[in-house]
Amino acid sequence: MTTNTATATAQNTVDVLVGIFRDVLRLPELTPDTDFYEAGGDSLTAFQITGRLQEILGADVPVSLVFAYPTPRELAEVVDADYGTA
């Protein structure tokens, strides 16, 4: 995989996660750097995020990752590294 491909793939995961966060948190203005907690996230919305991500990846993504990596950009890095790309 080339650097450009890796960057494009990582950006795709960020875009997917931004879309999921926007839908679940009902915040169309949410950005890749919006903090889950500051956007009003709670345990229920964290489970909704990981549930949607699991549907896309076909992998069991622990809800604790949303709490540990609370922005779409941070979470995308971990997801790409541990589960492949979305």
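Thresholds, definitions, all that
Residues numbered from 1 in each chain as written. Predicted model: local features only at pLDDT ≥ 70, side-chain atom pairs only at ≥ 80, totals over all residues. Heavy atoms only, no water. Salt bridge = Lys/Arg side-chain N within 4 Å of Asp/Glu carboxyl O. Helix = DSSP H or I, 4+ residues; strand = E, 2+ residues; numbered from the N terminus. Buried < 20%, exposed > 50% of the residue type's maximum accessible area, 1.4 Å probe, protein only. Contact = heavy atoms within 4.5 Å.

Participant: So what exactly am I meant to see when it comes to the pattern of salt bridges here?
Facilitator: Between side chains of opposite charge, pairing is possible as soon as their charged atoms come close. Inspection of every chain in the model, using the stated rule, returns 2 salt bridges. Arg52 is the partner of Asp23 in a salt bridge, and the nearest nitrogen-oxygen pair spans 3.4 Å. Highlighted residues: Asp23 in helix H1 (residues 3–25) and Arg52 in helix H2 (residues 43–57), separated in sequence by 29 residues. Relative accessible area serves as the criterion here: at 34%, Arg52 is assigned to the partly exposed category. Across the salt bridge formed by Arg73 and Asp33, the nearest N and O atoms sit 2.8 Å from each other. Of this pair, Arg73 sits in helix H4 (residues 72–83) while Asp33 is found in the loop between H1 and H2, placing the two residues 40 residues apart along the sequence. Look at Arg73 and you get partly exposed, because its relative accessible area is 32%.

Participant: Even after reading the chapter, I still don't get the environment of Leu75, so can you show me in this structure?
Facilitator: Looking at where Leu75 falls in the secondary structure, it is placed in helix H4. Through-space distance from the C-alpha of Leu75 to that of Thr13 is 9.0 Å; in sequence the pair is 62 residues apart. Excluding anything up to four places from it in sequence, Leu75 contacts Leu17, Phe21, Leu65, Val66 and Tyr69.

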